[in-house]
Amino acid sequence: MNRVPGAVPTFDPKEHSSMTASRDNDHLLAEDISSRAITVKSFPSVMYLEATRGCPYTCIMCKVPDEHGRKSVDVSQDLLDRVSPYFQYLEILGIHLYGEPLLSRSIDYFIEATRTNDCFLHMNSTGFLLRPKLADRLLATKLHIIFSIHAGTSATYRKIMGQDLQRVIDNISYLTGKSAQSGSPDNEFWFSYIVVKETVNEIDDFLLLAHRAGVSKVRFMKLDPNLKILKGAYRDAEDFVYRYHQQFNREVGQAFLEQLPRVRERAQELGITIETGNMEFAAAHGVSLKQMMHRAPRLLPINPNMLPLVKRRVAPYGGCLAPWAGQIQIGQDGNVNLCCSARYSLGNVFEKSLEEIWNDHRIRAIRGDFHNGLFPRTCGYCKGVSADEYGVKIVGRHA
């Protein structure tokens, strides 16, 4: 499946024409969303593609499965050939799933693809590899990057992320500074912060880091359970054990909610906007145990969509745009998932075209539940994806 070592794909702009297709898709997508259509006429405007799988770094809470290994493997040319015709409909092309996107040898391919199709290049990245030369190359296209800065102090950052915090902040500062100098108003840079026992009292420090790095948008996230941290992950050099139930529990959630009003005031003082994130929702609704119950069947030979037993009503939680606008996740194995929360394959692009998958019976069943005011079981205890979740306008930008 993987290309010959050393071979790097090139994106041919002569094969793609984006503006008209994107404008037409905008109108169809707006109609599909407003009617909560079960069978749609539009294509997804947000796609996440697994540009690289595996990661050599040792972030202690990382959910990259062990079987992916520490070696980074690039996406295959075959998969790119199957999905690249749909880039013309995109507003956002994300290039992360189970790996650090800046490790990808295909990064120039994606830069050219997003330039040609007038869409954003999006990624979640640690920023470990963001050297000036790479930052300069990235600035050739429109960027939406969320940096994982999951601590407020150097000592805690070393325990959790295993790296030098100051070096990462310097890397990011170079990118944001060059972006500001170039006068690129479209670029967006966020800091993401997983709130756990080790970090809940370092939020003020985190906000100062964002301010220093020239980042004006942050989000607060809950800790996702995975088998590694359920058993307990170890950082031998720091004599540190990281366990899910200790790091994310009711006490941590309550501590976060109690300081949130003050955190909002401090962010406003620094000119920082707190963007959408799921920590407040998770803390207020006690989703820690519920989420583990939802994930548990996926480790067993039973129906992965059996929990929750009772489907939630959309109100009061809110709706979700993912079944129409997309946040589709396409893995290197070709499997297509609806979003980062729904571990339920809608189909495989090596077996069907993305166009067929996007109106197949599995996605239509999900849309049907939302159409009837219910969250599908595959969504578990997710709060849903709103327009704000994407960071940039996903409907009507080309209208």
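Higher on the page you've got the structure.
An account of the accompanying structure is given in this report. Nothing here was measured: the structure is a model prediction, and the numbers come from that model. (Residues numbered from 1 in each chain as written. Predicted model: local features only at pLDDT ≥ 70, side-chain atom pairs only at ≥ 80, totals over all residues. Heavy atoms only, no water.)

Along the backbone of the protein chain there are 16 helices and 14 strands. Taken across its 399 residues, the protein chain has 55% of its residues classed as buried. Here the contacts in the protein chain between residues at least 6 apart in sequence split such that 74% fall between residues at least 24 apart. (Helix = DSSP H or I, 4+ residues; strand = E, 2+ residues; numbered from the N terminus. Buried < 20%, exposed > 50% of the residue type's maximum accessible area, 1.4 Å probe, protein only. Contact = heavy atoms within 4.5 Å.)

Before going further, it helps to spend a moment on the pairing of strand β1 (residues 46–49). Side chains Val 46 and Tyr 48 project from β1 onto one buried face, and the interleaved Met 47 and Leu 49 project onto a second face that is buried too. Strand direction decides the pairing type here: β1 and strand β12 (residues 328–330), joined by three bridges, are parallel. Each residue of the ladder has a partner; that of Leu 49, found in β12, is Ile 330. (Pairing = 2+ DSSP bridges.)

So, on to the sheet that holds strand β7 (residues 188–194). Pairing within the open sheet is mixed, and its 10 strands lie in the order β11-β8-β7-β6-β5-β4-β1-β12-β13-β14. Single-partner strands in this sheet number two, and they are β11 (273–274) and β14 (345–348). Alignment of strand β5 (residues 120–125) against strand β6 (residues 143–148), held across five bridges, turns out to be parallel. Bridged to Met 123 within β6 is Ile 145. Against the sheet, helix α3 (residues 107–116) touches β1, β4 (92–94) and β5, its axis set at about 140 degrees to β5. Of the strands in this sheet, β6 and β7 touch helix α6 (residues 165–182), which is tilted by about 155 degrees from β7. (Axes fitted to C-alpha atoms, helices over the stretch in contact; angles between N-to-C directions.)

Another aspect to go through is the nonpolar core. Core analysis: the largest hydrophobic core is formed by 109 residues, its most contacted members being Phe 110, Leu 138, Phe 191, Phe 220 and Tyr 242. Ignoring anything within four residues of it in the chain, the contact list for Leu 138 reads Leu 102, Ile 107, Ile 111, Leu 121, Met 123, Leu 130 and Leu 143. (Core = buried A, V, L, I, M, F, W, Y, C linked by side-chain atoms within 4.5 Å.)

Moving on: the packing of helix α7 (residues 203–212) against helix α10 (residues 250–269). Two quantities define a packed helix pair, namely the angle between the helix axes and the distance between the axes. Two elements in contact, α7 and α10, have axes separated by 10 Å at closest approach and are oriented at 30 degrees. Considering the angle they form, α7 stands roughly parallel to α10. Remark: the crossing between α7 and α10 carries right-handed chirality. The residues of α10 that touch α7, namely those facing Ile 203, Asp 204, Leu 207 and Leu 208, are Phe 256, Gln 259, Arg 262, Val 263, Arg 266 and Ala 267. Looking at side-chain class alone, the contact of α7 with α10 contains six nonpolar, one polar and three charged residues. (Parallel < 35°, antiparallel > 145°, perpendicular 65-115°, else oblique. Left-handed = near helix turned anticlockwise from the far one by under 90°. Nonpolar A, V, L, I, M, F, W, Y, C, P; charged D, E, K, R; others polar.)

At Arg 36, a residue that is not glycine, the phi angle is positive and equals roughly 50 degrees. Take Arg 36: it is sitting in the loop between α1 (19–35) and β1. Even without glycine at this site, Asp 118 takes up a positive phi of about 50 degrees. Tracing the chain through its elements places Asp 118 in the loop between α3 and β5. Residue classification places Asp 118 among the partly exposed residues on the basis of a relative accessible area of 22%.

Let us now look at the state of the cysteines. Inspection of every chain in the model, using the stated rule, returns zero disulfides. Sulfur of Cys 320: no disulfide; nearest cysteine sulfur belongs to Cys 379 and is 6.1 Å away. Taking relative accessible area as the criterion, Cys 320 reaches 7% and is therefore assigned buried. (Disulfide = S-S within 2.5 Å.)

Quick look at the pattern of salt bridges now. This structure, assessed with the given rule, holds 14 salt bridges. As a salt-bridge pair, Glu 198 and Lys 159 come within 3.1 Å of each other at their nearest N and O atoms. One end of the pair, Glu 198, is in the loop between β7 and α7; the other, Lys 159, is in helix α5 (residues 154–161), and 39 residues separate them in sequence. The residue Glu 188 makes a salt bridge to Lys 217 at a minimum N-O spacing of 3.0 Å. Remark: Lys 217 occurs in strand β8 (residues 217–221) and Glu 188 occurs in strand β7; sequence separation between them is 29 residues. Within this structure, Glu 188, Lys 217 and Glu 275 form a network of salt bridges that share partners. (Salt bridge = Lys/Arg side-chain N within 4 Å of Asp/Glu carboxyl O.)

The end-to-end C-alpha distance of α6 is 26 Å, a good match for the 26 Å that 18 residues give at a rise of 1.5 Å each. Among the residues of α6, Leu 165, Val 168, Ile 169, Asn 171, Ile 172, Leu 175, Thr 176 and Ser 179 are the ones counted as buried. One side of α6 carries all its buried residues, which in axial view fall inside an arc of 160 degrees. Residues of α6 that are buried in the fold lie against α4 (132–138), β6, α5, β7 and α7. Regarding α6, its N-cap is Asp 164, as a side-chain oxygen of that residue lies 3.1 Å from the backbone nitrogen of Gln 166 further along. Phi turns positive one or two residues past the end of α6, at Gly 183, with a value near 70 degrees. (Expected span 1.5 Å × (residues − 1). Arc of directions from axis to C-beta. Polar contact = N/O pair within 3.5 Å; in protein donor to acceptor, adjacent residues only side chain to side chain.)

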